[in-house]
Every structure is written in structure tokens, then in C-alpha cells.
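Report on the structure
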Amino acid sequence: HRLDTVKIIKYVHAESGLDCILQCVLQEILCRSANFRNTLTSEADENCELLKTVDSEEPAGSLKKDENFDYYKLLQPEKKPEDAVSSSASPQIAEEISTANSATPKVTDGPTTQPTSVVPCKSGEVAFGMDNGRIQDSQITASTVHNPGLSPQQGRLNSASSWSAGLYDQNQWIQVDLGREEVVTAIATQGRANYPQWVKTYSVCYGSNGNAFEPYKIDDAVKVRKNNYNC
């Protein structure tokens, strides 16, 4: 689907649909939704349209079926841009993936973790690369593995399978080494693609040396995420 509107803020390059909507959040305070063209013509192609409107505010029929585009919007579509400037709440993101018959939402919200020393996000920061392979297999490790076909390297977004732990308890973990301290503003998760398995809840820990980790907390309480589901 693609929202046909003249209210386009600008065109940018995105590696994926999630990357596109993250740029909407990080780059433009007025951005509220985005059109992502899923057919690239070149690596520098400006395939992401950042929009200052949402489908519910456009004329009927503006959200048109288009196999070359996926439409994404913030989970708070009625929130006005001027409200976003003064709001301290973290933006929630809804990813609408167009299929032949319907649009299936995948949800994430941020921030979900923080580095040991917080620095402001810079314009243009995008997804780290768990989807497109920018993060190497060697940077992904896990506590245990059920079998070689369910390795931590399979725990990427849009993987054909998934990572699956070798033990069934609450002490299992998957770890991603970003290579340096970074500000993480959102985490996207998926269930296993080829079997009905997924983690219902999880928490996030962060660290800078690969050995000592601190849990992400809100009001001194460990934040347990409950927004994962099979997709």
C-alpha cells in the first residue's frame, strides 16, 4: 500500500521498511508516517517518503494498493505534530506490511535500552543491521542453542527460521555486539518464521565490555517487554 498525498516532507534512502519508519522518528519531528518502496533500483535510491500526515486524515481512497510500496505509521496517528515537539513520551511505531489480502501490523516502541553514557541521537541514525546483514554473524551470540539450524545467527529480522535456546528456562539470552557504544531507540522482534514458536516476554540488558551488564529499568524497576508475538 502507498498513501497518495502531497504532504511529503522529504525523500530519503532506507535499507528496509523498519529503517524507513525509524528515520521518520529520528530525522523529522513533523513526520507521522512513511511510504517505503520495496523495489530498489540502486543502493543510493531515495526509496522512503517521510510524510507529515496519516491515512485517516487524507481523503477516502488515498491509501492505495501498490505492490511496490509498504505504508508505515506511528501508533498514535491522531497525535498532532505540534504535540510531538513538547511531548516527553517515546514514539511508538506500527509497521504495516502489505500482503495480497491484508496488512499485518508488527509493533515496537522506544526507547528500549540505553548506553552507559547517553548522548543525543544524530540526524540520519538508522537500523544497526540485524535485518540487512550489516551486523556480522560473529557479533551475535547466545546462551545455548537447540540445534545448529536454530543458531543465534538465525535470530535476525526476517530470518527464514529463528534462534532457539537449548534449555527451557528464564536464564537464556541472545546478545548482539554493536561494536561500540550506541544509543538504541527501538527494538523489533519476531517469532519463528517456519514454526509457531515465539517468546512472550523478555527484558533488555546493556553493557560496554561484553561481561558486565545492567538491565534496562524504568522507575528503578526492570522493564519486561510483552509486545513480542509470532509474525
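Remember, predicted model here, so these are calculated numbers, not experimental data. (Residues numbered from 1 in each chain as written. Predicted model: local features only at pLDDT ≥ 70, side-chain atom pairs only at ≥ 80, totals over all residues. Heavy atoms only, no water.)

All right, on to the side chain of Arg 32 then. Checked against the element boundaries, Arg 32 lands in the loop between α1 (17-27) and β3 (33-37). The class of Arg 32 is buried, set by a relative accessible area of 6%. At 3.0 Å, the side chain of Arg 32 forms a polar contact with the side chain of Glu 57. (Helix = DSSP H or I, 4+ residues; strand = E, 2+ residues; numbered from the N terminus. Buried < 20%, exposed > 50% of the residue type's maximum accessible area, 1.4 Å probe, protein only. Polar contact = N/O pair within 3.5 Å; in protein donor to acceptor, adjacent residues only side chain to side chain.)

As a further point, take the nonpolar core. Membership of the largest hydrophobic core comes to 15 residues, with the highest contact counts inside it found for Cys 20, Ile 21, Ala 34, Cys 48 and Leu 50. Listed by contribution, the elements that provide at least two residues to this core are α1, β3, β4 (48-51) and β6 (69-74). Considering every element that reaches this core, the biggest residue donor is α1, with 5 residues. (Core = buried A, V, L, I, M, F, W, Y, C linked by side-chain atoms within 4.5 Å.)

What follows is about the state of the cysteines. Considering all chains together, one arrives at 2 disulfides under this definition. Here Cys 20 connects covalently by a disulfide to Cys 48, the sulfurs 2.0 Å from one another. Every disulfide takes its handedness from the sign of the S-S torsion; for Cys 20 and Cys 48 that torsion is 80 degrees, giving right-handed. Here the residue Cys 20 occupies a position in helix α1, and Cys 48 occupies one in strand β4, the gap between them amounting to 28 residues. (Disulfide = S-S within 2.5 Å.)

The next point concerns the pattern of salt bridges. This model, assessed by the stated rule, comprises 10 salt bridges. Here Glu 182 and Arg 180 are joined by a salt bridge, their closest N and O atoms 2.6 Å apart. Residue Arg 180 is classed as exposed on the basis of its relative accessible area of 63%. One continuous salt-bridge network, built from bridges that share partners, spans Arg 2, Asp 4, Glu 49 and Lys 64. (Salt bridge = Lys/Arg side-chain N within 4 Å of Asp/Glu carboxyl O.)

Tracing the backbone through its elements, the reader meets Glu 58 in the loop between β4 and β5 (63-64). Side chain to side chain, Glu 58 and Thr 5 meet in a polar contact 3.2 Å long. Ignoring any residue separated from it by four or fewer positions in sequence, one finds Glu 58 in contact with Leu 3, Asp 4, Thr 5, Lys 7 and Thr 53. (Contact = heavy atoms within 4.5 Å.)

One non-glycine residue, Asp 219, lies in positive phi territory at about 55 degrees. Structurally, Asp 219 can be placed in the loop between β14 (217-218) and β15 (221-222). The residue Asp 220 is not glycine, and still its phi comes out positive at about 65 degrees. With respect to the helices and strands, the residue Asp 220 is situated in the loop between β14 and β15. By relative accessible area, which is 74% here, Asp 220 ends up exposed.

The buried fraction of α1 is high, at 9 of 11 residues. Within α1, burial applies to Gly 17, Leu 18, Asp 19, Cys 20, Ile 21, Leu 22, Gln 23, Cys 24 and Gln 27.

What follows is about the environment of Tyr 168. Here Tyr 168 is to be found in the loop between β9 (140-142) and β10 (174-176). Residue Tyr 168 is classed as exposed on the basis of its relative accessible area, which comes to 88%.

Right, let's get into the pairing of β4. In β4, alternate side chains face the same way, and those of Cys 48 and Leu 50 on one face and Glu 49 and Leu 51 on the other are all buried. Bridge count for β3 against β4 is 4 bridges, and the pairing is antiparallel. The residue of β4 that forms the bridge with Ala 34 is Leu 50. (Pairing = 2+ DSSP bridges.)

A few words now on the confidence of the model for the protein chain. The share of residues in the protein chain with pLDDT of 70 or more is 75%, and the mean pLDDT across the chain is 76. Contacts of residues 77-123 to residues separated by more than four positions or lying in other chains number 101 contacts, the stretch itself having pLDDT below 50. (pLDDT = per-residue confidence, 0-100.)

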